[in-house]
Amino acid sequence: MLHRLLAIACTLLLGTVPVAAQEIDLLLKGGHLLDPKNGINEPMDLAISGKTILKVEKDIPASSAKKTLDVSGLYITPGLVDMHVHVFHGTNTDSYIADALTSLPPDGFTFRSGVTTVVDAGSSGWRNFRQFKEQTIDRSQTRVLALLNIVGTGMYGRFEEQNVMDMNPTMTAHMINRLFPEILVGIKSAHYWGDFTQVDLAVEAGKLANVPVMVDFGEHQPPNSIEALFMQHLRPGDIFTHTFSYGPTNRETIVDENLNVKPFVFEAQKRGIRFDVGHGGGAFSFRQAIPAIEQGFLPDVISSDLHKDSMNGGFKDMANLLSKFMNMGLSLEEVILRATWNPAQVIHREDLGNLDPGSEADIAVFRLVEGDFGFQDIRRTRIDGTQRLETELTLRAGRIVWDLNGINAPHWETEISNR
């Protein structure tokens, strides 16, 4: 009787082995893992079960996974979080960015550069956010979060963005707190021609909603003081975008004409002001970025300001932008930090931008290519570089959504051999 019970127990135990072996749906094996949140920068394997990361360990057996991809020689990182885009795509030809052709449908421009989450930077306000949600957010594979514009109609046009009567902190905060707190992660102030009125109303809304404010502080003639902006109007945790823009007639720059970083810029960063790149089609200049980096001032977040007028210019895509900063002196780990864990913290979405077991499997896999490359800014000047990132794979919620070289696909002849 005892032998029979032992035999049954062994059978049951052995019967669980195939089940356990199947808990890993996809194993990324042999790659170099970069996870700045967790301080990982070494070869490790990553296992995925369903939509989530199951474990990150050394030498996970391939036999324990339903499918294994050999990513030797490649870098595994969290899916990139692009904190400044414009994706309220539409066909309203009277509009500039809100429901307009200048905005882009996100899925066509995210996965191919390792981006799995974007933050729309104020394309919509409280009056038209529902349309943006139904039209774009609900229909995108990319995770789309948003900063709500303090102007009710969002970025409909420069004239409408001057309407102080449409800057309503109460309605803006209500939409964030009461209606869409899972999507709306901050407030945007932009394109204002006057004094600090728009910024102050945005900050008032930020206080009511307990979210950060991002400020695009150009288009003032003469330029308003960014020292006053940093030290008197913004709060710690608020965001200054277009950090390396050069347009001294309508916005004060962080680097002076003698190529020195203004001392109060360092103090502002210590105070907690977050500096965002927001490259765009007209907001990134090497004559600002290179001296700043050489003097020890680094942006907190590297973002694209993706829209129709930036994607084919100096910006290209996020992989190219990260490569640009690497060729200006930042390490691979430093640029990945500024495009994953840093933006996740700035928008208070600590569930993103990392490779924690149990988190949603948003993952990018890059190849670091050595060679002779050139990188442009918006002023059509160039730097030369020796390294460039190429996006081999992107996974969104455990599913491969970009595969540059088909490493996840069987060879075509298997169709014939399996007939």
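Residues numbered from 1 in each chain as written. Predicted model: local features only at pLDDT ≥ 70, side-chain atom pairs only at ≥ 80, totals over all residues. Heavy atoms only, no water.

J.: Which parts of the structure should I look at to understand the confidence of the model for the protein?
T.: Fine structural detail should not be taken from predicted coordinates in areas where pLDDT scores are low. For the protein, the average pLDDT comes to 94, and 94% of its residues sit at 70 or higher. Between residues 1-21, whose pLDDT stays under 50, and residues either more than four places distant or in other chains, the model counts four contacts. (pLDDT = per-residue confidence, 0-100. Contact = heavy atoms within 4.5 Å.)

J.: Whenever I open this one, the side chain of Thr102 confuses me. Can you help?
T.: By the secondary structure assignment, Thr102 is in the loop between strand S8 (80-85) and strand S9 (115-125). Of the polar contacts made by the side chain of Thr102, one reaches the backbone oxygen of Tyr96; its length is 2.9 Å. Here Thr102 is in contact with Tyr96, Ile97, His307, Lys308 and Asp309, once residues within four sequence places are set aside. (Helix = DSSP H or I, 4+ residues; strand = E, 2+ residues; numbered from the N terminus. Polar contact = N/O pair within 3.5 Å; in protein donor to acceptor, adjacent residues only side chain to side chain.)

J.: Can you walk me through the pairing of S9 in this structure?
T.: As a general feature of sheets, a regular strand has side chains that alternate between the two faces. Of all eleven residues that make up S9, eleven are buried, and the element is covered over most of its length. As for the winding sense of the linkage, the β-α-β connection from S9 through helix H2 (residues 129-135) to strand S10 (residues 143-149) is right-handed. (Buried < 20%, exposed > 50% of the residue type's maximum accessible area, 1.4 Å probe, protein only. Right-handed = clockwise from strand over helix to strand, strands pointing away.)

J.: Would you explain the environment of Ser189 in this entry?
T.: With respect to the element layout, Ser189 can be found in strand S11 (residues 184-190). When its relative accessible area of 1% is taken as the criterion, Ser189 is described as buried. C-alpha of Ser189 to C-alpha of Arg382: the two residues are 193 residues apart in sequence and 31 Å apart in space. Residues in contact with Ser189, not counting those within four places in the same chain, are Ile150, Gln198, Val199, Ala202, Met214, Val215 and Asp216. Side-chain polar atoms of Ser189 contact the side chain of Gln198, separated by 2.6 Å.

J.: Before we go on, may I ask you to explain the side chain of Asp45 in this structure?
T.: On the secondary structure map, Asp45 appears in strand S4 (residues 45-49). In terms of polar contacts, Asp45 uses its side chain to reach the side chain of Lys29, at 2.8 Å. Leave out the neighbours within four places in its chain, and Asp45 touches Leu27, Leu28, Lys29, Gly30, Lys55, Val56, Glu57, Lys58, Asp59 and Ile60.

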